[in-house]
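So the chains spell out like this:
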Amino acid sequence: MKKQDFAQQLKTGAAPLVLSLSLIAAPAYAQSQAPEDIQEAEDDEFASDDPIVVTGTLIQNPSIESTSPVGVISAEELELRQTNLAEDFLRQLPASVPSTGSAVNNGNGGAAFVNLRNLGPQRNLVLLDGKRFVPANFTGQVDLNSIPLAVLERTDVLTGGATTTYGADAVSGVVNFVTRRDFAGLDINASSQITEQGDGAIFRVDATIGANFDDGRGNAVFSVGYQSADEVFQGDRDFSVFNVGSFTGNPGGSSNAVPATVNGPGTGGLLQLNEAGTDLVPFDRPFNFNPFNIFQTPFERFNIFGSARYEISDGIEVYTQGTFSRNRVSTIIAPGGSFFNAYQLNLNNPFIPTAVANTFCQGLGPVDANGDPTPLSDAACQAGINTPFGATLPDGTANPDYQEFTVAALRRRTVEAGTRDSEFTTTLFNIVAGVRGDITDYIQFDVSGTYGESDNTQRQTGFARRTNLQQSLLALPDGTCIDPSNGCVPINLFGTLGNLGSQEAIDFVFDFTQTVANTSTIATLNGTISGDFDGFAIAETPIAFAAGVEYREFTASRVSDDASQTPGEVVGGGGADPNIDGGYDVLDVFGELVVPLIEGQSFAEELVLEAGVRFSDYSTAGTEWTWKVGGQWTPVIGLTFRGNFQRAARAPNIGELFLPQNTGLDNLGNDPCQGPVAPTGNILDACLAQVAPGSAGAQAIINGQVQSPADEGAGQVNVTTGGNPNLGTEQAETWTVGAVIQPESIPGLTVTIDYWNITITDAITNPTVGDVLDACFDNPSATAEACQIDRISRNPLTGGLVGSPDTTLGLFQTLSNLGRIETDGIDLGINYSTDLTDNIALNAFFNGTWTNSNRFQATPSSLNRECVGFFSVNCGLEGSPQSEFAFNQRTSLIFDDEFTVSLFWRFLSGLDYEPAQFASDLAAAEADVDCVDPLGADPGGCIVEEDFRFIPDEHYFDLTLQWDATENLQLTFTVQNLFDNQPHVVGSDVGATAFNSGNVFPSSYDALGRRFAASARLRF
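Residues numbered from 1 in each chain as written. Predicted model: local features only at pLDDT ≥ 70, side-chain atom pairs only at ≥ 80, totals over all residues. Heavy atoms only, no water.

A.B. asks: How do you make sense of the overall build of the protein chain when you look at a structure like this?
C.D. replies: Helices and strands together make up the secondary structure of the protein chain, namely 17 helices and 48 strands. Against the globule reference of 31 Å for 1020 residues, the protein chain gives a C-alpha radius of gyration of 31 Å, in line with a compact fold. Principal-axis analysis of the C-alpha atoms gives the protein chain an extent of 105 × 55 × 55 Å. When the 1020 residues of the protein chain are sorted by exposure, 59% land in the buried category. Total accessible area on the protein chain stands at roughly 37,200 Å², and carbon and sulfur atoms take up 56% of it. Taken together, the 47 basic and 124 acidic charged side chains of the protein chain have centroids lying 1 Å from each other. (Helix = DSSP H or I, 4+ residues; strand = E, 2+ residues; numbered from the N terminus. Rg over C-alpha atoms; globule rule 2.2 N^0.38 Å. Buried < 20%, exposed > 50% of the residue type's maximum accessible area, 1.4 Å probe, protein only. Areas by Shrake-Rupley, 256 points an atom, 1.4 Å probe, with all protein chains shown as cover. Lys, Arg positive; Asp, Glu negative; His and termini not counted. Charge placed at Lys NZ, Arg CZ, Asp CG, Glu CD.)

Below, the structure is given as structure tokens:
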């Protein structure tokens, strides 16, 4: 649906009419649900007399409703969906886009996050029962894999600024997981899922027991759970068996191939060994890495949750809560190899084919007046090939025939060594203890403390050690290493498939395990008083308030082995993992007021003002004030208008402050300096400014030998990022205005509609890869600041943007406070429940988000980039692409309160290739003489294929049957992706590596196909 079409339907009222005709099951996700509605939705066994905690305000009062829209996902809804992890349902929210989770393989750090409003997972806060939970890493984000779903009563989602209420990190909103209270009984649930293809099996079992004691003065709940999930390989789906190049439409892949590709002396660029492995031919057989990679990461979790409370005297209660979780997430990436490093070779290495050695000789002669090497004489070449000795002869004198030289590329996929596997084991605990009670009949207090610790250990296998690989490449004709220390055995990177060398050689290079241990902690102390001013009121209801103080301390550290800390030492492992140890603390003082102004008057059944303020003192970023003001007006019963304005702020997290500069990988389609025709004029001057003068890389640029990222690095380029200790807080202004409609003439119907607007200034951001290139090449010159080697650092041997991270820093994506982010849109929610007959009930809900805009500007001189409805390497870097319109619907029919038939419908509007990036691609193509007509019938791989420039609208349907077989036994059967929808193929070069995988966007679009789930639940 086009933006203007949906806006017009909202204006004319057509949208609510259409949507109300296709409603679906409640009370699952309402945009704003009054506390009493939530309470009525609970089972009797979960009932509680405690004050209702409303997400979005600290005031605990059953008559108070936050002026911020708050969505609610009930536990019953999760049962219908057969949800196994919190990330599963949060990534499907219309108000969010998928972040790192089970569908992310290359780029998954062993945790799952939520990304509200597509503002980045670092800008939303995750709470458990209204309290902060231990973060998973340096960014302060909470791992959703550790949330205990079995004990959840509901999940509240507030999508808008909430830093006044909860402190920094809540710029885009809050997800508050609310657990059961006063549960008494036994609840056992077991479920299993599998795809129609017979893979991706998921098993989960949970047992929860609770009891009241001492005549109801106390309650204790204990829950334990286990879950496992199997991998799904990309090679097991038709659309992802072969890697597809987005710019050619042809089978693609990596130049780290088998047989090997070579760029060395005399080759004149990148060539490839022929199938027999005897000679070099033009590179034309990239390695298809897709079949080895996965769409669903293997997962195993064991978790324990416990809570208890006890009323030690009238009005005074002590409480505690503990969470323990041990998760293991595995990623499987295609076999490694020598990748994009430069290596030293000796001409008499017995594994170098004779024809290849003769080719090398063409560039090993003396350097001419222009700085270019000349051919080695035939005699010297043959002497170098045939000498049985190294650099020294047996008598200790220099060997005049020995030739050792550098190859800019010797890329061989080492399939024989197996895949590159990473196992992330997270052990986490989070403890809460506190006391709460009554100060007076109208004022309560709550004092609590929390401490949590998360230990994440990554163990990598299947990666080559560069030091050992280099040692094994210098081999003598007798089959020994020139340097035989450490048990060196020569390896054969020139070998055809299956001929990498002996097992001893493979073990010498690959038989290592790298270990990286990350630890993060949180400690908080919080004291709050809340209540109302009895007898002091403007209207009939007294003024309510909350005030308090909170101290928070965060620490994070990383300890890596020597290889993991050294750039380029773990070959094909991305960036290094340098050690880090950082932390900060903050002291907050806050207060809130809710002031009823008018009640029970004509055209003013209720008029309420809400306000709040928070002062924060950060040990790193200084002091900061945030505040909010809002209100709601009910002119007549059944119609409420509400609005809220907040000035929010976010302080930089530990990673943004303290992470060392590090070179890793990102995606890019075209490089302005790529050949085959050499750049000219100002473009040439700009390209040469990015590489050492007189280097082989500079000559490659001049000769037009720089390859495209798609051909050279599977669409990947080096990028350098890291923390900035000089960062300050980012500022945000968020506001919402909307209405809640509950017509008395239609009992059971609630309609909410809210316009929201978020603007972030001084945003802590990195420029996109497009921003870095555009800053230089929109106005290229040899002297432009954006074109210098400290902004774009090229491979000194090839002139490209791919290479060893110790020599090729690539694109510098420097963190700063120079960013600006703006987004706005409309949320629409409809809930309806009614009895159709004496024995048939209808429950239905609709929840939709229309995002008008989401603009990101990394610096004042960068493009103000619009990414709603678009995908490219510049859009979705904090998550997946963002559809303009998305909604969830559920319709449930309940027969005799025993049998439920329920249909869940999820919609994502279509996406287009980002116009700004397409214009950049087209300009580069038109400047290339090989692209005479880039938009014609034969574009020649210069721009993204026409079929890959869009993703159509997508509709997913899930069908659930639920039967209360007995008073204690409930059976549920679900078919997910009922019509087996397959994702639209766009190739593998048009998005960020983590989210554009297997030719599709698997976090947004279902890559697994039709799945079947069944569960049995026993309750006593």
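There's more to say after this.
A.B. asks: Can you help me understand the sheet that holds strand β36 (residues 792-793) in this one?
C.D. replies: Strand-to-strand pairing in sheets goes through backbone hydrogen bonds, with the strands running parallel or antiparallel. The sheet built from four strands is open, its strands ordered β32-β33-β37-β36 with mixed pairing. Sheet topology places β32 (662-667) and β36 at the edges, where each strand pairs with a single neighbour. For β36 and strand β37 (residues 810-812), the ladder comprises two bridges, and the chain directions are antiparallel. Residue pairing for β37: Ile-792 is matched across the bridge by Leu-811. (Pairing = 2+ DSSP bridges.)

A.B. asks: I keep staring at unusual backbone geometry and nothing clicks. Help me out?
C.D. replies: With glycine set apart, most residues show a phi of negative sign, and most peptide bonds adopt trans. In this structure, Pro-259 follows Val-258 across a cis peptide bond, with omega equal to 0°. Following the sequence through the fold, Pro-259 ends up in the loop between β12 (232-233) and β13 (261-263). Even without a glycine there, the phi angle at Asp-182 is positive, about 60°. Given a relative accessible area of 13%, Asp-182 falls into the buried group.

A.B. asks: I would appreciate a short explanation of the sheet that holds β13 in the present structure.
C.D. replies: Taking strand neighbours across the sheet as the criterion, the four strands line up as β15-β14-β13-β21 in an open arrangement whose pairing is antiparallel. The open sheet terminates on both sides in strands that have one partner only, identified here as β15 (280-282) and β21 (409-411). Sheet twist, expressed as the average angle between the axes of neighbouring strands with direction ignored, equals 35°. Pairing between β13 and strand β14 (residues 271-273): two bridges, direction antiparallel. Counterpart to Thr-261 in the pairing with β14 is Gln-272. (Axes fitted to C-alpha atoms, helices over the stretch in contact; angles between N-to-C directions.)

A.B. asks: So what exactly am I meant to see when it comes to empty space enclosed by the protein here?
C.D. replies: Rolled over the atoms, a probe with the dimensions of a water molecule shows which regions are left empty. For the structure on display, the rule yields ten cavities of 30 Å³ or more. By volume, the second largest cavity is sized at about 710 Å³. Residue lining of the second largest cavity: 41 residues in total, with Asp-88, Arg-91, Gln-92, Ser-102 and Arg-1011 positioned closest to the centre. Looking at the lining of the second largest cavity, the elements that each hand over two or more residues are α5 (86-90), β11 (218-229), β16 (294-296), β43 (899-908) and β46 (954-964). Of the residues forming the lining of the second largest cavity, the biggest block, three residues, is contributed by α5. Looking at side-chain class alone, the lining of the second largest cavity contains 17 nonpolar, 16 polar and eight charged residues. (1 Å grid on protein atoms, 1.4 Å probe; cavity = no way out; pocket = protein on both sides within 12 Å on 5 of 7 lines; lining within 4 Å. Points joined across faces, edges and corners; volume = space filled by probe spheres on them. Nonpolar A, V, L, I, M, F, W, Y, C, P; charged D, E, K, R; others polar.)

A.B. asks: What exactly am I supposed to notice about the packing of aromatic side chains here?
C.D. replies: A complete count under the given rule lists 23 aromatic pairs for this structure. Judged by centre distance (5.8 Å) and plane angle (20°), the rings of Phe-287 and Phe-292 are stacked. For Phe-292, a relative accessible area of 26% corresponds to the partly exposed category. Site record: aromatic cluster; members linked through ring pairs are Phe-846, Phe-885, Phe-887, Trp-905, Phe-907, Phe-957 and Phe-979. For the cation-ring pair, Arg-117 lies above Trp-756, with the distance from its terminal atom to the ring centre recorded as 3.8 Å. Sitting over the ring of Tyr-319, Arg-436 keeps its end group 4.1 Å from the ring centre. (Phe/Tyr/Trp six-rings, centres within 6.5 Å; stacked < 30°, edge-to-face > 60°. Lys NZ or Arg CZ within 6 Å of the ring centre and 35° of its normal.)

A.B. asks: What should I look at first to understand helix α16 (residues 769-777) in this one?
C.D. replies: One turn of the α-helix equals 3.6 residues, which is why residues spaced by three or four share an orientation. Burial analysis of α16 places seven of its nine residues in the buried class, which makes it a mostly covered element. Within α16, the full set of buried residues consists of Val-769, Gly-770, Asp-771, Val-772, Leu-773, Cys-776 and Phe-777.

A.B. asks: What should I look at first to understand the nonpolar core in this one?
C.D. replies: Across soluble globular proteins, nonpolar side chains have a tendency to be buried as a group. Counting residues in hydrophobic clusters, the biggest one holds 61 residues, and the most contacted among them are Leu-345, Phe-360, Leu-410, Ile-491, Phe-494 and Leu-811. Filtering out sequence-adjacent residues up to four positions away, Leu-410 remains in contact with Ala-260, Thr-261, Val-262, Ser-338, Phe-339, Asn-341, Tyr-343, Leu-345, Leu-473, Leu-493 and Phe-494. If you look at the next biggest cluster of nonpolar residues, it comprises 35 residues, including Ile-73, Leu-78, Val-157 and Ile-580. (Core = buried A, V, L, I, M, F, W, Y, C linked by side-chain atoms within 4.5 Å. Contact = heavy atoms within 4.5 Å.)

A.B. asks: Mind showing me how you'd approach the side chain of Gln-514 here?
C.D. replies: Here Gln-514 is to be found in strand β25 (residues 513-532). In this structure the side chain of Gln-514 is engaged in a polar contact, spanning 3.0 Å, whose partner is the side chain of Arg-465. Filtering out sequence-adjacent residues up to four positions away, Gln-514 remains in contact with Gln-458, Arg-459, Gln-460, Phe-463, Arg-465, Asp-561, Ser-564 and Val-570. (Polar contact = N/O pair within 3.5 Å; in protein donor to acceptor, adjacent residues only side chain to side chain.)

A.B. asks: Where do I start with the pattern of salt bridges in this structure?
C.D. replies: Should the charged atoms of two oppositely charged side chains come close, the side chains can pair. Using the criterion set out here, one finds 41 salt bridges in the structure. The salt bridge partner of Glu-153 is Arg-154, with a shortest N-O separation of 3.1 Å. Taken as a pair, Glu-153 and Arg-154 share a single burial class, namely buried. Connected via shared salt-bridge partners are Glu-79, Arg-180, Asp-187 and Arg-1017. (Salt bridge = Lys/Arg side-chain N within 4 Å of Asp/Glu carboxyl O.)

A.B. asks: Which parts of the structure should I look at to understand the environment of Pro-635?
C.D. replies: Mapped onto the elements of the fold, Pro-635 is located in strand β30 (residues 622-636). Separated by 29 residues in the primary sequence, Pro-635 and Glu-606 have C-alpha atoms spaced 6.9 Å apart. With residues near it in sequence (within four places) discarded, Pro-635 still touches Phe-603, Ala-604, Glu-605 and Phe-641.

A.B. asks: Is there a simple way to think about a nonpolar patch on the surface in this case?
C.D. replies: Side chains of Ile-538, Leu-597, Ile-598, Leu-609, Val-613, Trp-625, Trp-627 and Val-629 sit close together on the surface and give an oily, nonpolar patch of about 680 Å² of accessible area. Listed by contribution, the elements that provide at least two residues to the nonpolar patch are β28 (580-601), β29 (604-618) and β30. The greatest single-element share of the nonpolar patch, amounting to three residues, is contributed by β30. Looking at where Trp-627 falls in the secondary structure, it is placed in strand β30. (Patch = residues over 30% accessible without salt bridge, like charges linked within 9 Å, V, L, I, M, F, W, Y side chains within 5 Å.)

A.B. asks: Whenever I open this one, the pairing of β25 confuses me. Can you help?
C.D. replies: Within a regular strand, side chains alternate between the sheet's two faces. The pairing of strand β23 (residues 443-461) with β25 spans 19 bridges and is classified as antiparallel. What sits directly across from Asp-455, in β25, is Thr-519. Where β25 lies against strand β26 (residues 544-560), 17 bridges are found, and the strand directions are antiparallel. When the bridges of β26 are listed, Asn-526 appears paired with Glu-550.

The values reported here are purely geometric and, on their own, carry no functional implication.
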